[in-house]
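Now for the letters of each chain:
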Amino acid sequence: MLKVIIDNIEIQVEEGTTILQAARMIGGKVVPPAMCYYSKLKDSGGKCRSCLVKVVKGSAKDPRPVPKLVASCSTPVQDGMVVENTLSAEVQEARKGVVEMLLINHPLDCPVCDQAGECDLQDLSFGFGMEETETIEPRREYPGIDIGPLIKLNMNRCIHCYRCVLAAEQLTKKRAHGMLYRGDTMEISTFIQTAIDNDFSGNMIDVCPVGALTDRTFRFRSRVWFLNPMDARRECGKCSGKVVAWMFGKEIYRITGRKDQFGEVEEFICNECRFEKKDINDWVIEGPRKIKRQSVISSNHYEQMKKGSIIHPIEGTTEPQE
Amino acid sequence: MGRAILLDKVNIPGIQTFEVYRAHGGYTSAAKGLREMTPAQVQQEVIKSGLRGRGGAGFPTGLKWSFLDRKSDKPRYLVCNADESEPGTFKDRYLMEHLPHLLIEGLTLSSYALGVKTCYIYIRGEFRYLVGILENAIREAKKNNYLGEKILGTDFSLEIYVHPGAGAYICGEETALLESLEGKRGNPRIKPPFPAYKGLYNCPTVVNNVETLATVGPVITMGGDAYAKLGMGKSTGTKLMSACGNINKPGVYEVELGLPVEEFIYSDEYCGGIKNGRMLKAVIPGGSSVPILPADLILNTARGDSRLLTYESLAEGGFESGSMLGSGGFIVYDEDACIVRNTWNLTRFYRHESCGQCSPCREGTGWMEKVLYRIEHGKGRMSDIDLLVRVAKNIEGNTICPLGDAAAWPVASAIRHFRKEFEEHIKC
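Residues numbered from 1 in each chain as written. Chains lettered and ligands numbered in written order. Predicted model: local features only at pLDDT ≥ 70, side-chain atom pairs only at ≥ 80, totals over all residues. Heavy atoms only, no water.

**Quick look at the packing of helix H2 (residues 28-36) of chain B against helix H9 (residues 210-222) of chain B**
Residue and element names in this part refer to chain B.
Now for step 1: Running from N to C, H2 and H9 cross one another at 65°; their axes reach a closest spacing of 8 Å. It follows that H2 is roughly perpendicular to H9 by the angle criterion. Considering only the axes of H2 and H9, their crossing is left-handed. Where H2 abuts H9, its residues Ser29, Lys32 and Gly33 lie against Gly217, Ile220 and Thr221.
Now for step 2: Split by residue class, the contact of H2 with H9 holds one nonpolar, four polar and one charged. (Axes fitted to C-alpha atoms, helices over the stretch in contact; angles between N-to-C directions. Helix = DSSP H or I, 4+ residues; strand = E, 2+ residues; numbered from the N terminus. Parallel < 35°, antiparallel > 145°, perpendicular 65-115°, else oblique. Left-handed = near helix turned anticlockwise from the far one by under 90°. Contact = heavy atoms within 4.5 Å. Nonpolar A, V, L, I, M, F, W, Y, C, P; charged D, E, K, R; others polar.)

Shown next, in the form of structure tokens:
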């Protein structure tokens, strides 16, 4: 076991653990934000630089500090390492810089974006963003492409985290999309304009930290905070069948994977569960889903509902589940 | 010219061919190394020589070799980085074009020292015409048993392959190079693990610059100690400088490290002074990514010592008043050159060449380019100057690979030393 101190909190972790994973074990405020790292996807991380931290002591053997800030998601812990995240002014400044970089070309179309309310970039800007922008240049725009009837790609919102590429590569038999071009003109696209069509492609939506990939069957139907997220399950031959059903009254508006407190899905689900089973009779409703406390979704008090009952969000009446 | 070690035979007609190269003493160091020395001894000579990486970072070559994971049972690789794409640097191209066998000889010796059986030359896509020259040299060397199976009757065998890139500057970064060599998109890898442990195809790998590897031959011929006597202090030996810009004699020159910069610019032996009798304004001494220095600071350090062509002297004063030797791409500007336009041009390059993987570099290079475009085209705001400084600071050190630093330094240094010029651009 290795000993590491993050923001003055000591924790013992196994060898090979990254700083970010160690911070997540501690939990709370010391956890650096992560826009590209996804623990369920191999080789993810290192790209967005929002999880930068300061290593003030390299290890017990070599106590020298690391001169540059390091990406906590891809830096393994050394025994005796001392890390500063919230305590380091340098880290906070660098993170502000990263958020600014991510926002200069991100459209401010949150009012019409389906991701609003569950968007990692919104949370990050709330924590570290500046109130004013210094750019007067027009934002980057991409020509829209159609990637099929189930998933909507809005490339203008993309922050190039690579999660969807890795998800497609690791979950599906054949990846039909990838990163094209270079630098700030780089874009996610399908090869020769094909539609993305395979059983697990819908997970691209769940891993996307922003509104670049959204559910076409749910598009513009409701803001997420008006819906009640309920744990639901069904017998499925392709996946675990454990999902979150986002409901309005008795109607299921959309299905997503179950996300943990760090916004990562617990288990990837198949497209049949996600896109085709929108009838309440397809599902066994287990009860309200716990959404992370700071989320705007939590503010609609859906958690007051008792297991086995559904509240109509407007009338506020409880009716027994059939 | 001072002591030439690499380019001493460059003017001999037909030196590109095996016969002529051999007749002028070529491949003697390979024969000496392979027949009379153990691999450890060859490496020891390189360590003793104090040879430092000539690609830009100046990391001691012997030390880099000693990091190679020798306990692993996987094959080891040597990769020659010939992806020379930095604006202002053209020394490797010259070396490969005129002395291909010198590189092959260096690769043979280095592979022998490192226990490598397969070696790749990753060459810049635009250098397509050099691929034929190198492959021809490899063929000739093979025919004469200086490459291939059981070289010179010893137990050592080596294959060298030439692999052209597709024209991306970022593939000069060693891990992006390895990705590209594996047939993937040329994105730099996240380190650790370092190539010495997990490099090409996840095997222990050493990546060295063309000039570095070509120098190994002469180091073995003359001995590490003798090589270390050349140069000055920790900057041992000779270095190829590619001089360009507003000078009378642009070209590739071999200098013994320690030569005063003033002599290099004004001596007829080297650059031959500023063109048309104009005044020197500024110099980028080590390829486009190192900080630019104004005339007074390139000729003398801030403390008043005369500036020398060594790793240490050029770096003296840090980023406040110093620069770097880098890859030796020596770009000279006369009094008529516009620093703002030049800086904009460089940011245009870095914006185009950023791989786009990490946020600060992807967005920051584009942002700096747009702001500098505005300033250059008469639409700048006074606040833009501090904005540029801030953006450069936010990129520097926060990226996966050094391309972010390389993009930020020219902008930061140009504003540091020529702020007035930026202000004048904005005012009028």
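From this point on, the discussion continues.
**Some words on the domain arrangement of chain A**
Quite often, the size of an interface is put as the accessible area lost when its parts meet.
Residue and element names in this part refer to chain A.
Now for step 1: Domain assignment breaks chain A into domain 1 (2-98), domain 2 (108-215) and domain 3 (224-308).
Now for step 2: Averaged C-alpha coordinates put domain 2 and domain 3 at centres separated by 22 Å.
Now for step 3: Summed over both sides, the interface of domain 2 with domain 3 buries roughly 1600 Å², with 50% coming from carbon and sulfur.
Now for step 4: Looking only at domain 2, the three residues that lose the most surface to domain 3 are Glu118, Asp206 and Asp215, adding up to 34% of its buried area.
Now for step 5: Linking domain 2 with domain 3 are three salt bridges.
Now for step 6: A salt bridge links Lys238 to Asp199, with the shortest nitrogen-to-oxygen separation between them at 3.9 Å.
Now for step 7: Taken together, the links from domain 2 to domain 3 amount to eleven residue pairs in polar contact (both at pLDDT 80 or more).
Now for step 8: Of all the elements in the fold, those that place two or more residues in the side of domain 2 that touches domain 3 are helix H3 (120-128) and helix H5 (203-207).
Now for step 9: By residue number, the principal contributor to the side of domain 2 that touches domain 3 is H5, which donates four residues. (Domains from an automatic or database assignment. Buried area = accessible area lost by both parts, 1.4 Å probe. Salt bridge = Lys/Arg side-chain N within 4 Å of Asp/Glu carboxyl O. Polar contact = N/O pair within 3.5 Å; in protein donor to acceptor, adjacent residues only side chain to side chain.)

**Observations regarding the interface of chain B and chain A**
Now for step 1: Contacts between the two partners involve 35 residues from chain B, matched on the other side by 35 residues from chain A.
Now for step 2: Of the roughly 2900 Å² buried between chain B and chain A, counting both surfaces, carbon and sulfur atoms make up 48%.
Now for step 3: Counting the surface chain B buries against chain A, the share from its top three residues, B:Arg362, B:Glu363 and B:Trp367, is 22%.
Now for step 4: One can count seven salt bridges joining chain B with chain A.
Now for step 5: The partner of A:Arg182 in a salt bridge is B:Glu353, and the shortest N-O contact between them spans 3.2 Å.
Now for step 6: Here chain B and chain A share 23 residue pairs in polar contact (both at pLDDT 80 or more) between them.
Now for step 7: Looking at which element gives the most residues to the side of chain B that touches chain A, the answer is helix H16 (residues 359-376) of chain B, with ten residues.
Now for step 8: The residue inventory of the side of chain B that touches chain A, partitioned by class, reads twelve nonpolar, 13 polar and ten charged.

**Here's the deal with the packing of aromatic side chains**
Now for step 1: With the rule as written, the count across this model stands at 20 aromatic pairs over all chains.
Now for step 2: Considering the side-chain rings of B:Tyr77 and B:Tyr120, the 6.0 Å spacing of their centres and the 45° angle between planes classify their relative orientation as tilted. A residue pair is termed long-range when its members are at least 10 positions apart, and B:Tyr77 in strand E1 (residues 77-82) and B:Tyr120 in strand E2 (residues 118-123) qualify at 43 residues. The exposure classification of B:Tyr77 matches that of B:Tyr120, with both residues buried.
Now for step 3: Measuring from centroid to centroid gives 6.0 Å for B:Tyr77 and B:Tyr201, while their planes differ by 65°, and the two rings are edge-to-face. Taken together, the residues span a long stretch of sequence, with B:Tyr77 in strand E1 and B:Tyr201 in the loop between helix H8 (174-181) and strand E4 (205-209) at a distance of 124 residues.
Now for step 4: Joined through ring pairs, the aromatic side chains of B:Phe18, B:Tyr21, B:Tyr27 and B:Tyr146 make up one cluster.
Now for step 5: The ring centre of A:Tyr162 lies 5.0 Å from the NZ or CZ of A:Lys47, which sits over that ring.
Now for step 6: Stacked on the ring of B:Tyr311, the Lys or Arg B:Arg52 has its end atom at 4.1 Å from the ring centre. (Phe/Tyr/Trp six-rings, centres within 6.5 Å; stacked < 30°, edge-to-face > 60°. Buried < 20%, exposed > 50% of the residue type's maximum accessible area, 1.4 Å probe, protein only. Lys NZ or Arg CZ within 6 Å of the ring centre and 35° of its normal.)

**Looking at the pattern of salt bridges**
Pairing between side chains becomes possible if they bear opposite charge and their charged atoms approach one another.
Now for step 1: The full count for this structure, using the stated rule, is 57 salt bridges over all chains.
Now for step 2: A cluster of three or more residues bridged by salt bridges with shared partners is formed by A:Asp231, A:Arg233, A:Arg258, A:Glu266, A:Glu286 and A:Arg289.

**Observations concerning the pairing of strand E11 (residues 329-334) of chain B**
Residues and elements named next belong to chain B.
Now for step 1: Most of E11 is tucked away: six of the six residues are buried.
Now for step 2: Residues Gly329, Ile331 and Tyr333 of E11 are buried on one face, and the alternating residues Phe330, Val332 and Asp334, pointing to the opposite face, are buried as well.
Now for step 3: Looking at chain direction, strand E7 (residues 238-245) and E11 are connected through four bridges and run parallel. Its bridge partner being in E11, Ser242 is matched across the sheet by Gly329.
Now for step 4: Here strand E9 (residues 280-284) runs beside E11; their pairing, made up of four bridges, is antiparallel. When the bridges of E11 are listed, Val283 appears paired with Val332. (Pairing = 2+ DSSP bridges.)

**Looking at the domain arrangement of chain B**
All names here are of chain B.
Now for step 1: As far as domains go, chain B holds domain 1 (18-229), domain 2 (237-334) and domain 3 (339-427).
Now for step 2: A C-alpha centroid distance of 28 Å is found between domain 1 and domain 2.
Now for step 3: At the junction of the two partners, domain 1 supplies 17 residues and domain 2 supplies 21 residues.
Now for step 4: The largest per-residue losses of area from domain 1 upon contact with domain 2 belong to Arg54, Phe90 and Lys91, which jointly make up 30% of the total buried on that side.

**A few points about helix H6 (residues 100-114) of chain B**
Quick reminder: α-helices carry 3.6 residues per turn. Residues three or four places apart thus point the same way.
Now for step 1: End to end, H6(B) covers 21 Å across 15 residues, agreeing with the expected 21 Å (1.5 Å per residue, within 8%).
Now for step 2: By the criterion of burial, H6(B) is predominantly enclosed, with 15 of the 15 residues buried. (Expected span 1.5 Å × (residues − 1).)

**Topic: the sheet that holds strand E8 (residues 251-256) of chain B**
All names here are of chain B.
Now for step 1: Read from one edge of the open sheet, five strands run E8-E7-E11-E9-E10, paired in mixed fashion. Here the strands that pair on one side only, and so sit at the sheet edges, are E8 and strand E10 (293-294).
Now for step 2: Lying on the sheet, helix H5 (residues 91-98) is in contact with E7 and E8; it crosses E7 at an angle near 115°.

**A short note on the packing of helix H3 (residues 39-49) of chain B against H9(B)**
Residues and elements named next belong to chain B.
Now for step 1: H9 packs onto H3 with a crossing angle of 95° between their chain directions and a minimal axis gap of 10 Å. In terms of axis orientation, H3 runs roughly perpendicular to H9. Together, Val42, Glu45, Val46 and Ser49 of H3 and Val216, Val219 and Ile220 of H9 make up the contact between the two elements.
Now for step 2: In terms of residue class, the contact of H3 with H9 is built from five nonpolar, one polar and one charged.

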